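Notes for the structure review
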Amino acid sequence: QVQLVESGGGLVQAGGSLRLSCAASGSIFSIDAMGWYRQAPGKQREFIAAITSGGSTNYADSVKGRFTISRGNAKNTMYVQMNSLKPEDTAVYYCNADVDSRLGIRAYWGQGTQVTVSS
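The sections below set out a description of the structure shown in this document.

With respect to the state of the cysteines
- A complete count under the given rule lists one disulfide for this structure.
- The partner cysteine of C22 in its disulfide is C95, sulfur to sulfur 1.8 Å. Between C22 and C95 the sulfur-sulfur dihedral comes to about -60 degrees; the bridge is accordingly left-handed. Here C22, found in strand β3 (residues 18–25), pairs with C95, found in strand β9 (residues 91–101); they are 73 residues apart in sequence, far enough to count as distant. A single burial state applies to C22 and to C95, both of which are buried.

Below, the structure is given as structure tokens:
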């Protein structure tokens, strides 16, 4: 069974920084793309950033220039460095990964980590 676990969320003042982590575990053969999404209260889940196994990255316009996504050396970990945070960045942040395991290639989600930015 594959699990994704996020960590690093918390409360920060506007203009501050946070670094979120995502770790994938289980019977994993390989992981292709990984990404971050967020969902604010009353809103739909939205794409934030993604990174392929080769290191190619893609960002939502709302975070471009402020957030940086990266993969760990073990390739089963992913990070997002969030700088210049704004109150509108407040949301639950979710990790997503396309995982190849004995169950085949599937998309998995973490349980989410809360990020709150105070003004």
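Here's the deal with the pattern of salt bridges
- Applying the stated criterion across every chain, the model contains four salt bridges.
- With a closest N to O distance of 3.2 Å, K64 and D61 form a salt bridge.
- Accessibility expressed as a relative area gives 49% for K64, which makes it partly exposed.
- A salt bridge links D89 to R66, with the nearest nitrogen and oxygen atoms 2.7 Å apart. Here the residue D89 occupies a position in the loop between β8 (77–82) and β9, and R66 occupies one in the loop between β6 (57–59) and β7 (67–71), the gap between them amounting to 23 residues. Of the two residues, D89 and R66, neither departs from the other in class, the shared state being buried.
- Three or more residues are tied together by salt bridges with common partners; here these are R38, E46, R66 and D89.

Considerations on the pairing of strand β5 (residues 46–51)
- Alignment of strand β4 (residues 28–39) against β5, held across five bridges, turns out to be antiparallel. Residue pairing in the sheet places W36 in a bridge with A49 of β5.
- One ladder, built from three bridges, connects β5 with β6; its direction is antiparallel. When the sheet's bridge partners are listed, A50 is paired in β6 with N58.

Section: the packing of aromatic side chains
- Applying the stated criterion to the full structure yields two aromatic pairs.
- Ring geometry for Y37 against F47: centres 5.7 Å apart, planes inclined by 75 degrees, an arrangement best described as edge-to-face. Linking Y37 in strand β4 with F47 in strand β5, this pair joins segments that are ten residues apart in sequence.
- Three or more aromatic residues joined by ring pairs make a cluster, and in this case those are Y37, F47 and W109.
- Directly above the aromatic system of Y79 lies the positively charged group of R19, at a separation of 4.0 Å from the ring centroid.
- Across from the ring centre of Y94, 3.7 Å away, lies the NZ or CZ of R45, which sits over that ring.

Calculation rules
- Residues numbered from 1 in each chain as written.
- Predicted model: local features only at pLDDT ≥ 70, side-chain atom pairs only at ≥ 80, totals over all residues.
- Heavy atoms only, no water.
- Disulfide = S-S within 2.5 Å.
- Helix = DSSP H or I, 4+ residues; strand = E, 2+ residues; numbered from the N terminus.
- Buried < 20%, exposed > 50% of the residue type's maximum accessible area, 1.4 Å probe, protein only.
- Salt bridge = Lys/Arg side-chain N within 4 Å of Asp/Glu carboxyl O.
- Pairing = 2+ DSSP bridges.
- Phe/Tyr/Trp six-rings, centres within 6.5 Å; stacked < 30°, edge-to-face > 60°.
- Lys NZ or Arg CZ within 6 Å of the ring centre and 35° of its normal.

Scope: geometric values only; no functional claims are made or implied.
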